[in-house]
Amino acid sequence: MQISSLLAIAPFLPASASPGSALGELVGIVEYAIAVAVIIIVFDYVFGWLERKVVAKIQKRHGPTYAGKYGILQNMADILKLLSKQHMAPANSDKPLFLATLPIMLAVTLFLVLLIPFSPTLSGSSSGFVLLVVLVLVSFMPLMIFVNGFASGNKFSAISAERSVVMLLSYEIPLVLVVATAAALAGGYSLNGIVGAQSQLWYVLLMPIGFVIFFIAMLAELERPPFDMREADSELIAGWLTDVSPPYYVLALFLDYSRMLLGSMLIAILFFGGWEGPVLPPIVWLLIKVFAIAFFIMIVRATMVRMRIDRLLRFGWLILLPLAFVNLIVTYVLLIG
Amino acid sequence: MKTERNELLNGLEGLYSKGYTYLVKIYAVDYVKTLEAVYVVRNMEEAKEERLEVELDPSDAWVPSAMRVYKAADWYEREMQEMFAITIKGRQAERLLLEKWNGSGAPLRKNFAWSEPYEKMK
Amino acid sequence: MSTRINIGPVHPSTHGVLRLVADIEGDTVLRVEPHIGFLHRGVEKLVENRMYMQSPAYMEKLDYAAPMSYDELYVAVVEKAMGVEVKERAQWVRVVLLELQRIASHLLWLGTAANDLGQFFTLFMWCMKDRDMILRLLESASGARMFYVNMRMGGLVQDLPPGFGGGARDVLDYLERRVKKYEAYLEKNPVFMERTKGVGVLGKEDAINLGVTGPVLRASGVGYDTRKDNAYYVYGKLSFRPQTRSEGDVFARYRVRMMEIAESIRLVRDALDRMPDGDAIGMPVRLITTGAKNREASASRETPRGEGIMYMVADPQRPYRLAIRSPTFVNLAALTHIAKDCRLADVFAILGSLDIVMGDADK
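Residues numbered from 1 in each chain as written. Chains lettered and ligands numbered in written order. Predicted model: local features only at pLDDT ≥ 70, side-chain atom pairs only at ≥ 80, totals over all residues. Heavy atoms only, no water.

(A) Quick look at the overall build of chain C. Looking only at helices and strands, chain C has 16 helices and 9 strands in total. The C-alpha atoms of chain C give a radius of gyration of 20 Å, which matches the 21 Å a tight globule of 363 residues would have. If you line up chain C on its principal axes, its C-alpha atoms span 65 × 45 × 35 Å. A buried classification covers 66% of the 363 residues belonging to chain C. Once local pairs closer than 6 in sequence are excluded, the contacts in chain C between residues at least 24 apart make up 72%. (Helix = DSSP H or I, 4+ residues; strand = E, 2+ residues; numbered from the N terminus. Rg over C-alpha atoms; globule rule 2.2 N^0.38 Å. Buried < 20%, exposed > 50% of the residue type's maximum accessible area, 1.4 Å probe, protein only. Contact = heavy atoms within 4.5 Å.)

(B) Fine view of the overall build of chain B. On a plain count of helices and strands, chain B comes out with 3 helices and 6 strands. Per-residue burial over chain B gives 50% buried out of 122 residues.

(C) Inspection of the sheet that holds strand 6 (residues 296-303) of chain C at higher detail. Residue and element names in this part refer to chain C. The strand order across the open sheet built from 3 strands is 6-7-8, with neighbouring strands paired in antiparallel fashion. The open sheet has two edge strands, strand 6 and strand 8 (319-325), and neither has a second partner. When the angles between neighbouring strand axes are averaged without regard to direction, this sheet yields 15°. (Pairing = 2+ DSSP bridges. Axes fitted to C-alpha atoms, helices over the stretch in contact; angles between N-to-C directions.)

(D) Spotlight on the side chain of Glu172 of chain A. Positionally, Glu172 of chain A belongs in helix 7 (residues 155-186). Buried and unpaired, Glu172 of chain A has no salt bridge, with Arg230 of chain A as the nearest side chain of opposite charge at 7.3 Å. (Lys, Arg positive; Asp, Glu negative; His and termini not counted. Salt bridge = Lys/Arg side-chain N within 4 Å of Asp/Glu carboxyl O.)

(E) Molecular detail of the pattern of salt bridges. Here the structure, examined in full by the defined rule, presents 65 salt bridges over all chains. Between Glu13 of chain B and Arg68 of chain B there is a salt bridge; the shortest N-O distance is 2.6 Å. You can see Glu13 of chain B sitting in helix 1 (residues 8-17) and its partner Arg68 of chain B sitting in the loop between strand 5 (62-64) and helix 2 (73-84), a full 55 residues away along the chain. Look at Glu13 of chain B and you get partly exposed, because its relative accessible area is 32%. With a closest N to O distance of 3.6 Å, Arg241 of chain C and Glu263 of chain C form a salt bridge. Within this pair, whereas Arg241 of chain C is found in the loop between helix 10 (226-229) and helix 11 (250-274), its partner Glu263 of chain C is found in helix 11, the two being separated by 22 residues in sequence. A cluster of three or more residues bridged by salt bridges with shared partners is formed by Arg163, Asp228, Glu235, Arg306, Arg308 and Asp310 of chain A together with Asp27, Arg195, Arg343 and Asp346 of chain C.

(F) Region of the structure containing the confidence of the model for chain C. Looking at chain C as a whole, the pLDDT averages 87, with 99% of positions reaching at least 70. The complex prediction reports pTM at 0.87, with the ipTM value standing at 0.85. (pLDDT = per-residue confidence, 0-100.)

(G) Quick peek at the side chain of Asn150 of chain C. Residue and element names in this part refer to chain C. As for its position among the elements, Asn150 is in the loop between helix 5 (122-142) and strand 4 (151-152). On the accessibility criterion, Asn150 (2% relative accessible area) is buried. When near neighbours in sequence (up to four residues on either side) are disregarded, Asn150 contacts Met68, Asp71, Leu97, Ala141, Ser142, Leu156, Val157 and Gln158.

(H) Highlighting the interface of chain A and chain C. Counting residues at the interface gives 26 residues for chain A and 36 residues for chain C. Counting the surface chain A buries against chain C, the share from its top three residues, Lys60, Val305 and Arg308 of chain A, is 24%. At the boundary of chain A and chain C, one finds 4 salt bridges. A salt bridge links Asp27 of chain C to Arg163 of chain A; the shortest N-O distance between them is 4.0 Å. In this assembly, chain A and chain C are joined by 11 residue pairs in polar contact (both at pLDDT 80 or more). (Buried area = accessible area lost by both parts, 1.4 Å probe. Polar contact = N/O pair within 3.5 Å; in protein donor to acceptor, adjacent residues only side chain to side chain.)

(I) Spatial organisation of the sheet that holds strand 1 (residues 2-3) of chain B. Residue and element names in this part refer to chain B. Pairing within the open sheet is mixed, and its 4 strands lie in the order 1-4-3-2. Bordering the open sheet on either side are strand 1 and strand 2 (22-30), each of which pairs with just one other strand. Pairing between strand 2 and strand 3 (residues 35-43): 8 bridges, direction antiparallel. By the bridge assignment, Ile26 is partnered in strand 3 with Tyr39.

(J) Just the interface of chain C and chain B, in detail. Of the residues lining the interface, 41 residues belong to chain C; the matching set on chain B comes to 40 residues. Around 3500 Å² of area is buried between chain C and chain B when both sides are counted, 55% of it from carbon and sulfur atoms. Of all residues in chain C, Lys45, Asn209 and Tyr311 of chain C bury the most surface against chain B, accounting for 19% of the area lost on that side. If you look at where chain C meets chain B, you find 5 salt bridges. With its nearest N and O atoms 2.6 Å apart, the salt bridge here joins Lys363 of chain C to Glu79 of chain B. Where chain C touches chain B, the interface holds 20 residue pairs in polar contact (both at pLDDT 80 or more). Looking at the side of chain C that touches chain B, the elements with two or more residues in it are strand 3 (28-35), helix 1 (43-48), helix 8 (204-210), strand 7 (306-314), strand 8, helix 13 (327-333) and helix 16 (358-362) of chain C. The element contributing the most residues to the side of chain C that touches chain B is strand 8 of chain C, with 5 residues.

(K) Representation of a positive patch on the surface in the model. On the surface, a cluster of positive charge is contributed by Lys60 of chain A together with Lys129, Arg177 and Lys181 of chain C. On the secondary structure map, Arg177 of chain C appears in helix 6 (residues 164-187). For Arg177 of chain C, a relative accessible area of 53% translates into the label exposed. (Patch = residues over 30% accessible without salt bridge, like charges linked within 9 Å, V, L, I, M, F, W, Y side chains within 5 Å. Areas by Shrake-Rupley, 256 points an atom, 1.4 Å probe, with all protein chains shown as cover. Charge placed at Lys NZ, Arg CZ, Asp CG, Glu CD.)

(L) Local environment of helix 6 of chain C. Residue and element names in this part refer to chain C. An ideal rise of 1.5 Å per residue puts 34 Å on 24 residues; helix 6 measures up with 33 Å between its terminal C-alpha atoms. Those residues of helix 6 lying buried are Phe164, Gly165, Ala168, Val171, Leu172, Leu175, Arg178, Val179, Tyr182, Glu183 and Leu186. On its buried face, helix 6 sits against helix 4 (88-116), helix 5, helix 7 (190-196) and helix 11. (Expected span 1.5 Å × (residues − 1).)

(M) Highlighting the pairing of strand 3 of chain C. Residues and elements named next belong to chain C. Pairing of strand 2 (residues 19-25) with strand 3, which is carried by 7 bridges, proceeds in the antiparallel orientation. For Ile24, the partnering residue across the bridge sits in strand 3 and is Val29. The hairpin turn running from strand 2 into strand 3, its antiparallel successor, is 2 residues long, and Gly26 in that turn takes a positive phi close to 65°.

(N) The nonpolar core, seen in detail. Of all hydrophobic cores here, the largest spans 91 residues; its most connected members are Phe214, Phe227 and Phe271 of chain A. In terms of residues, this core owes the most to one element, helix 12 (residues 246-271) of chain A, which gives 14 residues. Setting aside anything within four residues of it in sequence, one finds Phe271 of chain A in contact with Val178, Gln198, Trp202, Tyr203, Val204, Met207, Gly210, Phe211 and Phe214 of chain A. Core analysis: the next-biggest nonpolar cluster, separate from the first, contains 86 residues, Leu23 of chain B together with Leu202, Ile208 and Ala334 of chain C among them. (Core = buried A, V, L, I, M, F, W, Y, C linked by side-chain atoms within 4.5 Å.)

(O) Main features of the packing of helix 5 of chain C against helix 6 of chain C. Residues and elements named next belong to chain C. Relative to each other, helix 5 and helix 6 sit at 165°, their axes nearing to 11 Å. Judged on the interaxial angle alone, helix 6 and helix 5 are roughly antiparallel. When you trace helix 5 past helix 6, the crossing you get is left-handed. Contacts between helix 5 and helix 6 involve Leu123, Trp126, Cys127, Asp130, Met133, Ile134, Leu137, Ser140 and Ala141 on the former and, on the latter, Phe164, Gly167, Ala168, Val171, Tyr174, Leu175, Arg178, Tyr182, Tyr185 and Leu186. Per-class residue counts for the contact of helix 5 with helix 6 are 15 nonpolar, 2 polar and 2 charged. (Parallel < 35°, antiparallel > 145°, perpendicular 65-115°, else oblique. Left-handed = near helix turned anticlockwise from the far one by under 90°. Nonpolar A, V, L, I, M, F, W, Y, C, P; charged D, E, K, R; others polar.)

(P) Broad picture of the pairing of strand 6 of chain C. Residues and elements named next belong to chain C. Judged by how many residues are buried, strand 6 sits mostly within the fold: 6 of 8 residues are covered. The pairing of strand 6 with strand 7 spans 8 bridges and is classified as antiparallel. Along strand 7, the bridge assignment pairs Glu302 with Glu307. In this antiparallel pair of consecutive strands, strand 6 and strand 7, the connection spans 2 residues.

(Q) Representation of the packing of helix 12 of chain A against helix 13 (residues 282-303) of chain A. Residue and element names in this part refer to chain A. Between helix 12 and helix 13, the shortest axis-to-axis distance is 9 Å and the interhelical angle comes to 115°. By the angle between their axes, helix 12 is roughly perpendicular relative to helix 13. For helix 12 against helix 13, the interelement crossing comes out right-handed. On helix 13, the residues touching Met260, Leu261, Ser264, Met265, Ile267, Ala268 and Ile269 of helix 12 are Leu286, Lys289, Val290, Ile293, Ala294 and Ile297. Looking at the contact of helix 12 with helix 13 residue by residue, the class counts come to 11 nonpolar, 1 polar and 1 charged.

Okay, here's the thing in structure tokens:
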């Protein structure tokens with residue numbers, strides 16, 4: 001029996017794996033997964049530190065300074081502290097569901113990062129429909145938050161769960177429309193193809209409205225201010241994470257930054273030419289762009305006031321959706337049709 | 001102005017119609033032989049204040065609720081009820097406002113029993 | 001069908017130990033009821049057992065965001081009871097210190113209110129840093145950073161140090177620029193405007209009937225300010241103007257406080273310019289203990305949170321009864337009426353706009 005037929009990710013076999021034996025394929029998958037895992041962990045860690053430093057600078061503080069050079073070990077200390085605390089689930093929670101959702105979300109996010117290519121050679125999937133898979137799984141996240149919020153049996157989490165669905169309703173359709181426009185421009189849902197099509201001109205210049213919509217929707221997707229109504233610390237304490245125990249909170253942090261990586265990569269690939277760039281190797285270019293976008297998201301986080309959930313719904317349907325249609329039509333008329 | 005507690009609401013309403021629409025404070029003083037409830041109202045336009053003082057018998061201390069005239073009386077009355085055991089008639093009974101204890105007595109009355117450690121301190 | 005949720009007493013945006021019980025239906029809040037008293041220390045009873053001069057330190061802990069104003073309020077009511085005149089220079093110095101304290105308190109409010117609106121601590125940190133400059137000034141004037149106990153009957157414990165005026169002017173110049181920046185930063189932000197405009201509207205009639213006070217009252221279009229209408233010290237000479245807005249919403253309360261900061265900066269500069277020389281030291285302690293002349297006294301002051309009033313029935317040595325009318329207490333009582341049928345997120349915007357300090361409400 002072929003191993004590839006047993007694996008659910010069969011269509012997304014790494015392009016770099018040797019196509020010969022089944023064992024070779026498996027080894028290729030594992031090698032690639034380890035490489036990407038290292039990238040993710042390093043990024044998450046550096047990003048967590050960078051966010052603290054950048055936000056501190058904006059707020060005229062120093063941020064972490066004590067643990068390690070420039071406080072680089074502070075997050076490690078925090079993680080160790082959180083991991084050393086007691087793990088528990090609230091008594092009136094739906095325990096299996098409550099405990100399962102966070103790991104599932106993390107797994108899905110990591111799987112998504114695996115699918116997205118870091119460079120033409122370092123690519124988790126050669127399929128032509130990666131972007132569709134990514135979109136479907138990205139919109140899976142708010143639903144998992146919904147499940148987690150209700151399973152935790154906390155009223156604040158329940159409100160957060162409701163908000164999660166309202167948010168999904170408000171930004172998902174404009175997001176899909178913009179992605180569809182980008183795919184139409186590139187002539188396919190393959191991320192490699194989209195990057196290749198931007199070798200002359202970045203899509204951010206071809207469809208600036210589309211970029212703005214996508215960026216706003218991504219902020220909402222990533223629970224970044226001003227769209228952090230799910231976590232809304234001044235209203236809902238911590239939203240769906242209110243009753244999460246400290247060791248699980250490490251997972252939540254990991255998830256948060258992994259989603260950040262995912263979102264930044266999507267923005268970089270869809271609008272900023274992905275890994276295209278002179279002199280430096282492709283993966284470096286991609287990471288530079290990812291960090292630049294993440295940096296911008298941090299600045300937005302430090303400066304914006306939280307939006308109200310009903311206003312977001314109105315904003316999504318009355319402003320983002322029409323603009324997304326305008327973007328679609330203008331792009332079709334001017335560039336495709 | 002001194003007034004009777006039966007005349008209190010009429011007095012307040014009269015003041016209200018004269019432009020004293022702002023209730024500044026309701027407080028009580030324990031003179032041991034009598035209790036005195038004081039209502040301070042203000043005319044915002046002319047910046048003038050009036051005081052209505054009601055003398056009460058400590059063993060039968062009640063006043064009618066002024067919430068009919070001033071909504072602001074709500075918490076002041078509850079505070080007074082709690083601190084001086086002056087019953088407020090004509091409004092629903094509410095939970096304690098300021099205190100989270102199970103003791104008895106009116107803390108701001110002069111005969112309030114101090115707790116043990118303080119007695120020892122003296 | 002409504003859900004009842006319990007917010008606090010341990011919650012990020014209840015400013016200490018306030019507990020709110022809210023009935024919500026979906027995202028709409030049907031009724032909010034504040035439960036207070038978690039910080040009740042029985043100050044009114046405490047001072048009955050202490051000599052006059054022992055109590056200012058207790059009073060300062062009532063409003064820990066603006067301790068100087070309560071310090072001064074208590075000293076003022078004792079002065080009334082003892083029939084003591086405040087020395088000429090001390091009056092000017094008190095005005096300077098109180099207005100500086102008001103700026104500090106409003107800056108703190110701005111930061112925490114932005115936090116309640118979901119700002120990630122940025123404005124809070126900026127405001128804390130700016131407030132710290134004023135705290136340093138007050139420290140140089142009194143010797144303490146937070147709880148000053150700088151007022152004494154008839155004057156002050158110590159006069160302003162040499163060079164205070166120059167330092168204060170520098171700080172005020174800096175603050176004026178900063179506050180303008182904050183205003184631009186917030187008012188150019190459409191999300192901030194959306195979150196504050198038309199939210200938590202309190203009409204003029206309701207505001208008076210509910211007895212709200214201070215910036216909340218003035219934001220509802222009532223131009224009552226104790227500094228003007230019941231002028232104390234030298235506010236009459238400083239041509240003080242009460243700052244009012246007519247909308248009565250969260251934005252109006254924000255604007256009123258920002259305008260008050262500007263007005264306070266103007267007042268302090270003016271007072272520093274016109275301050276006469278002379279003696280500002282208050283009575284020696286042994287004279288304070290010799291007795292009060294008037295049986296009843298009351299003093300009313302515009303603290304940063306609103307009008308604070310103390311009614312005192314005086315014994316010769318100590319207060320027989322001290323009734324404190326604390327501004328947060330009345331403003332918080334109005335929360336139920338203001339936050340009716342609003343969104344859940346608005347409750348915190350409104351709560352933030354009331355500028356509550358739980359020590360003040362709980363006494």
